[in-house]
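Listed below are the residues making up each chain.
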Amino acid sequence: SLLFGCLAATAEAFVQQQVRNNPVRANAPLEAASVETPPSPLTAWGDKIQDIRKLQQEFRKQKLPEFGPEISAADVGIASDDTEAQLA
C-alpha cells in the first residue's frame, strides 16, 4: 500500500494539468510590437562584390602566411637558459 501510494504520487507529475486563463495576460497579441526601436547608426559595408564565388576561388589559390609562428630564444640570439634576457 505504501509502494502503491508512492507510485501514484509520482505518476501525478506526468498527468497534464488544466491551465487556467491568466487575468494579467495582455489582451492585445501584438502589444509589444507597437514599441518603436531606437534608430541605429548607418553601417559602412564597403563596395558591393559582384562575383563572390570567383573572388573566393582566387583567394583560395593564394598561399597564406603561417599563422602564429613559434619563436624560440635561439631565433632572437638569446641562450635558452638566460631567463633575464628572455624577460627583458
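Rules of the game
- Residues numbered from 1 in each chain as written.
- Predicted model: local features only at pLDDT ≥ 70, side-chain atom pairs only at ≥ 80, totals over all residues.
- Heavy atoms only, no water.
- Helix = DSSP H or I, 4+ residues; strand = E, 2+ residues; numbered from the N terminus.
- Buried < 20%, exposed > 50% of the residue type's maximum accessible area, 1.4 Å probe, protein only.
- Patch = residues over 30% accessible without salt bridge, like charges linked within 9 Å, V, L, I, M, F, W, Y side chains within 5 Å.
- Areas by Shrake-Rupley, 256 points an atom, 1.4 Å probe, with all protein chains shown as cover.
- Salt bridge = Lys/Arg side-chain N within 4 Å of Asp/Glu carboxyl O.
- pLDDT = per-residue confidence, 0-100.

**Q** Any chance you could explain the overall build of the chain here in plain terms?
**A** Scanning the chain from N- to C-terminus turns up three helices and zero strands. The order of helices and strands in the chain, counted from the N terminus, is α-α-α. Within the chain, the fraction of its 88 residues that count as buried is 1%.

**Q** Sorry, what's going on with a nonpolar patch on the surface here?
**A** Taken together, the side chains of Ile-49, Ile-52 and Leu-55 make up a nonpolar region of the molecular surface, amounting to roughly 260 Å² of accessible area. Following the sequence through the fold, Ile-49 ends up in the loop between helix H1 (2-11) and helix H2 (52-61).

**Q** What is the right way to look at the confidence of the model for the chain in this model?
**A** Low pLDDT means the predicted atomic positions in that stretch should not be read closely. Scored by pLDDT, the chain has a mean of 75; 60% of the residues are at 70 or more. The lowest-confidence element of the chain is H1, averaging 56 in pLDDT; the highest-confidence one is H2, averaging 94.

**Q** Whenever I open this one, the environment of Ser-72 confuses me. Can you help?
**A** In this structure, Ser-72 sits in the loop between H2 and helix H3 (83-87). Measuring from C-alpha to C-alpha, the distance between Ser-72 and Gln-86 comes to 9.8 Å, with 14 residues separating the pair along the chain.

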